[in-house]
Amino acid sequence: MNNIDIGYVITFVLLAYVTLLIIGWKYIQVKKAATEKKKNEFMSALIKSLESSAIHSLKDVQDLYLAHFGLEDILFVEHDKIGLFLRKIKLHFSTHPTSGHLTRKDLLEHVNSLLLESESEVKKEKEKAPFMGVPTPERNYLEDILEITKPEDKALYKQRLDDLAASIKVRQETTETLTKEQSDSLNWTKRGLYATIIFSAISIGLTVWLSGTFNIH
């Protein structure tokens, strides 16, 4: 096998490897775009439902959320997500023209009432299980701190600990998202590496075979 043959093999292998990496990156981008599209579709559906007076209570919002995302139950984290959607819709009604028979004021008042209802549910869930959604080690520490707090100071400490818990949850969700994306990238990188090794072996084998068959020098 001469230098030209080796050059062809290396070029082929590199092209195959880069191609697989691009495919993996594209796959991740498509998944992220699909997730964003799903969220935007829910926003649009909820806006239309509000404008047509189809939403009467938070239960209606939750039912729409479950149906749209194919879920069976509203978990604690879903309460937070629904609250975020309602805040985004409040911003939408505040900055965009509205359609339907309801005025901007009516829609904003309705969304505010839904937000209050949502916040009330979140508060009830937190009372059932303080610091829910926080990873177990951190939650144990927070619960221990709250437990040893003096009764007269408990409300103040609870508020501060809730703020800390919210920060931890945001960090945890960000970490989980990044970990998942890195995991997807790593899986594609591994596949690319395996494919590259296979392509390399095949290419070298073919080159050697062709060299022997046709006496390429």
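Refer to the structure presented above.
What counts as what
- Residues numbered from 1 in each chain as written.
- Predicted model: local features only at pLDDT ≥ 70, side-chain atom pairs only at ≥ 80, totals over all residues.
- Heavy atoms only, no water.
- Salt bridge = Lys/Arg side-chain N within 4 Å of Asp/Glu carboxyl O.
- Helix = DSSP H or I, 4+ residues; strand = E, 2+ residues; numbered from the N terminus.
- Buried < 20%, exposed > 50% of the residue type's maximum accessible area, 1.4 Å probe, protein only.
- Expected span 1.5 Å × (residues − 1).
- Axes fitted to C-alpha atoms, helices over the stretch in contact; angles between N-to-C directions.
- Parallel < 35°, antiparallel > 145°, perpendicular 65-115°, else oblique.
- Contact = heavy atoms within 4.5 Å.
- Nonpolar A, V, L, I, M, F, W, Y, C, P; charged D, E, K, R; others polar.
- Phe/Tyr/Trp six-rings, centres within 6.5 Å; stacked < 30°, edge-to-face > 60°.

A.B. asks: Sorry if this is basic, but what is going on with the pattern of salt bridges here?
C.D. replies: Opposite charge on two side chains permits pairing when their charged atoms draw close. Summed over all chains, the structure comprises 3 salt bridges. Between glutamate 36 and lysine 39 there is a salt bridge, and its shortest N-O distance comes to 3.9 Å. Linking glutamate 36 with lysine 39, this pair stays in helix α1 (residues 3-51), spanning 3 residues, or about one helical turn. Among the residues examined, glutamate 36 registers a relative accessible area of 42% and is labelled partly exposed. A salt bridge links glutamate 119 to arginine 87; the nearest nitrogen and oxygen atoms lie 2.9 Å apart. Of this pair, glutamate 119 sits in helix α4 (residues 104-128) while arginine 87 sits in helix α3 (residues 76-95), and the two are 32 residues apart along the sequence.

A.B. asks: What is the right way to look at helix α2 (residues 58-69) in this model?
C.D. replies: For an α-helix the count is 3.6 residues per turn, leaving residues at separations of three or four pointing the same way. For α2, built from 12 residues, the straight-helix expectation of 16 Å at 1.5 Å per residue is met to within 8% by its first-to-last C-alpha distance of 16 Å. The complete set of buried residues in α2 reads Leu58, Val61, Gln62, Tyr65, Leu66 and His68.

A.B. asks: What is the right way to read unusual backbone geometry from this model?
C.D. replies: Leave glycine aside and you will find that most residues have negative phi; peptide bonds, for their part, are mostly trans. Positive phi outside glycine occurs at serine 53, with the angle close to 65 degrees. Among the structural elements, serine 53 can be located in the loop between α1 and α2. Owing to a relative accessible area of 26%, serine 53 belongs among the partly exposed residues under this scheme.

A.B. asks: Hey, could you run me through the packing of α2 against α3 in this one?
C.D. replies: Any two packed helices are characterised by how steeply their axes cross, that is the angle between the axes, and by the distance between the axes. Where α2 meets α3, the closest approach of the two axes is 11 Å, and the angle between their N-to-C directions is 105 degrees. Of the possible angle classes, the one that applies to α2 and α3 is roughly perpendicular. Between α2, through Leu58, Val61, Gln62, Tyr65 and Phe69, and α3, the contact on the second element is made entirely by Glu78, His79, Lys81, Ile82, Phe85 and Leu86. When grouped by side-chain class, the residues that make up the contact of α2 with α3 number 7 nonpolar, 2 polar and 2 charged.

A.B. asks: Would you mind going over the packing of aromatic side chains with me for this structure?
C.D. replies: The relative placement of two aromatic rings is captured by the distance of their centres and the angle of their planes. The full count for this structure, using the stated rule, is 6 aromatic pairs. Between the aromatic rings of tyrosine 65 and phenylalanine 69, the centroid separation amounts to 4.7 Å while the plane-to-plane angle is 45 degrees, which identifies the pairing as tilted. Taken together, the residues span about one helical turn, with tyrosine 65 and phenylalanine 69 both in helix α2 at a distance of 4 residues. Taking the relative accessible area as the measure of exposure, tyrosine 65 reaches 3% and is therefore buried. Residues phenylalanine 69 and phenylalanine 85 carry aromatic rings whose centres are separated by 6.4 Å and whose planes lie at 35 degrees to one another, so their mutual orientation is tilted. Placement of phenylalanine 69 in helix α2 and of phenylalanine 85 in helix α3 is noted, with a sequence separation of 16 residues between them.

Any link to function would need more than the numbers given here.
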